[in-house]
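One letter stands for each residue in the lines below.
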Amino acid sequence: MFYEPGKGHGLPHDPFKAIVAPRPIGWISTMGRDGSINLAPYSFFNAFSSRPPLVWFSSEGEKDSFTFARETGEFVANLAGGHIFKEMNATSVDAPRGVSEFGYAGLTPAPSRLVAAPRVAEAYAALECKVTEIFEPKGLDGKPAGVHVCTGEVIGIHIDEAVLTDGLFDNVKAGNVSRLGYLDFSAITETFAMRRPKWKAD
């Protein structure tokens, strides 16, 4: 089949997010200027540079995570592991501002080293970030898409040594959870390695 998104797909549900998958989950913790703490998962999240290390998350509308990151210039991206996927999902609740999703989900806020926002103590890894850029993408028609992208440079990284194997971060031990389409998620239970080929002229 072929379809143009602007004209509809004719399927029971839009397959776009299912095709662009799996997507890592940015489990973003932030603190507002007034000290309010927020924790929420974002499936539009990824790394896009290693030197310097840069990550971004995209918020549909000005939700608390985006608002707090803009206010303070800081956020933490926590790893959603297989052992706490239910707690991660619980933090997606539409709680009113001022209600901490940490408490709602039974999670422990742990102090960060270089930013004010707390990290998730139960997470196997966390990236402390300083905001570098905020922008609102546009569609082909030049109109704002209604999403807000927040990019940040990773200035500190926490790793639970329980998920290190021979000095390497072990994705299977961590069970990284990712977002698929519809209501589906996935957790890493197996990996395989491939070397990049080197060109050899004939």
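Our subject in this report is the structure included herewith. Worth saying up front: this structure is predicted, and the values here are computed from it rather than measured.

1. Observations concerning the side chain of T91
With respect to the helices, strands and loops of the structure, T91 is situated in the loop between α3 (85–90) and α4 (101–105). In terms of polar contacts, T91 uses its side chain to reach the backbone carbonyl oxygen of M88, at 2.6 Å. Once residues within four sequence positions are removed from consideration, T91 is found in contact with W27, L39, A40, P41, E101, A105 and L107.

2. Describing the environment of A40
Mapped onto the fold, A40 is located in strand β3 (residues 37–42). Residue A40 is classed as buried on the basis of its relative accessible area of 12%. Not counting residues up to four positions away in its chain, the partners in contact with A40 are G26, W27, I28, S65 and T91.

3. Here's the deal with a nonpolar patch on the surface
A cluster of nonpolar side chains, namely F16, I19 and V20, defines an oily patch on the protein surface of about 300 Å² accessible area. Within the fold, I19 resides in helix α1 (residues 16–19).

4. A closer look at helix α2 (residues 64–72)
Regarding α2, the residues found buried are D64, S65, F66, T67, F68 and A69. Lining the buried residues of α2 we find β2 (26–31), β3, β5 (53–60), β6 (74–78), β9 (125–135) and β10 (147–159). Just downstream of α2, G73 is the residue with a positive phi angle, here 75°.

5. Thoughts on the sheet that holds strand β1 (residues 23–24)
With respect to topology, three strands assemble into an open sheet ordered β1-β13-β14, the strand pairing being antiparallel. Of all the strands in the sheet, the pair left with one neighbour each is β1 and β14 (185–187). For β1 and strand β13 (residues 177–179), the ladder comprises two bridges, and the chain directions are antiparallel. In the sheet register, P24 faces β13, and the bridge partner there is S178.

6. Details of the pairing of β3
For β2 and β3, the ladder comprises six bridges, and the chain directions are antiparallel. Bridge pairing in β3 places G26 opposite Y42. Here β2 folds back onto β3 in antiparallel fashion, the turn holding five residues, of which G35 has a positive phi close to 90°.

7. Re the layout of surface pockets
Here the largest pocket is characterised by a volume of approximately 670 Å³. Forming the walls of the largest pocket are 32 residues, and the residues nearest its centre are P41, Y42, S43, K63 and S92. Within the residue set of the lining of the largest pocket, elements represented by two or more residues are β3, β5, α2 and α3. Considering every element that reaches the lining of the largest pocket, the biggest residue donor is β3, with five residues. Looking at the lining of the largest pocket residue by residue, the class counts come to 14 nonpolar, nine polar and nine charged. In this structure, the second largest pocket spans a volume of roughly 500 Å³. If you go around the second largest pocket, you meet 28 residues; those closest to its centre are P24, F45, L79, L127 and N176. Broken down by element, the residue count for the lining of the second largest pocket peaks at five residues, all from strand β4 (residues 45–50). A class-by-class count of the residues in the lining of the second largest pocket yields 20 nonpolar, eight polar and no charged.

8. A few points about the environment of I159
Tracing the backbone through its elements, the reader meets I159 in strand β10. Note on I159: relative accessible area 44%, which makes it partly exposed. When the C-alpha atoms of I159 and H83 are compared, they prove to be 15 Å apart, with 76 residues separating the residues in sequence. Contacts of I159, omitting those with residues within four sequence positions, involve Y124, A125, L164 and F169.

9. Here's the deal with unusual backbone geometry
The omega torsion of the bond from A21 to P22 falls at 0°, within 30 degrees of zero and hence cis. The linkage connecting R51 with the following residue, P52, adopts the cis geometry, with an omega of 0°. Note that P52 resides in the loop between β4 and β5. Even without glycine at this site, D166 takes up a positive phi of about 55°. Looking at where D166 falls in the secondary structure, it is placed in the loop between β11 (164–165) and β12 (168–169). When its relative accessible area of 78% is taken as the criterion, D166 is described as exposed. Unlike most non-glycine residues, Y182 shows phi in positive territory, near 60°. Position of Y182 among the secondary structure elements: in the loop between β13 and β14.

How each quantity is defined
- Residues numbered from 1 in each chain as written.
- Predicted model: local features only at pLDDT ≥ 70, side-chain atom pairs only at ≥ 80, totals over all residues.
- Heavy atoms only, no water.
- Helix = DSSP H or I, 4+ residues; strand = E, 2+ residues; numbered from the N terminus.
- Polar contact = N/O pair within 3.5 Å; in protein donor to acceptor, adjacent residues only side chain to side chain.
- Contact = heavy atoms within 4.5 Å.
- Buried < 20%, exposed > 50% of the residue type's maximum accessible area, 1.4 Å probe, protein only.
- Patch = residues over 30% accessible without salt bridge, like charges linked within 9 Å, V, L, I, M, F, W, Y side chains within 5 Å.
- Areas by Shrake-Rupley, 256 points an atom, 1.4 Å probe, with all protein chains shown as cover.
- Salt bridge = Lys/Arg side-chain N within 4 Å of Asp/Glu carboxyl O.
- Pairing = 2+ DSSP bridges.
- 1 Å grid on protein atoms, 1.4 Å probe; cavity = no way out; pocket = protein on both sides within 12 Å on 5 of 7 lines; lining within 4 Å.
- Points joined across faces, edges and corners; volume = space filled by probe spheres on them.
- Nonpolar A, V, L, I, M, F, W, Y, C, P; charged D, E, K, R; others polar.

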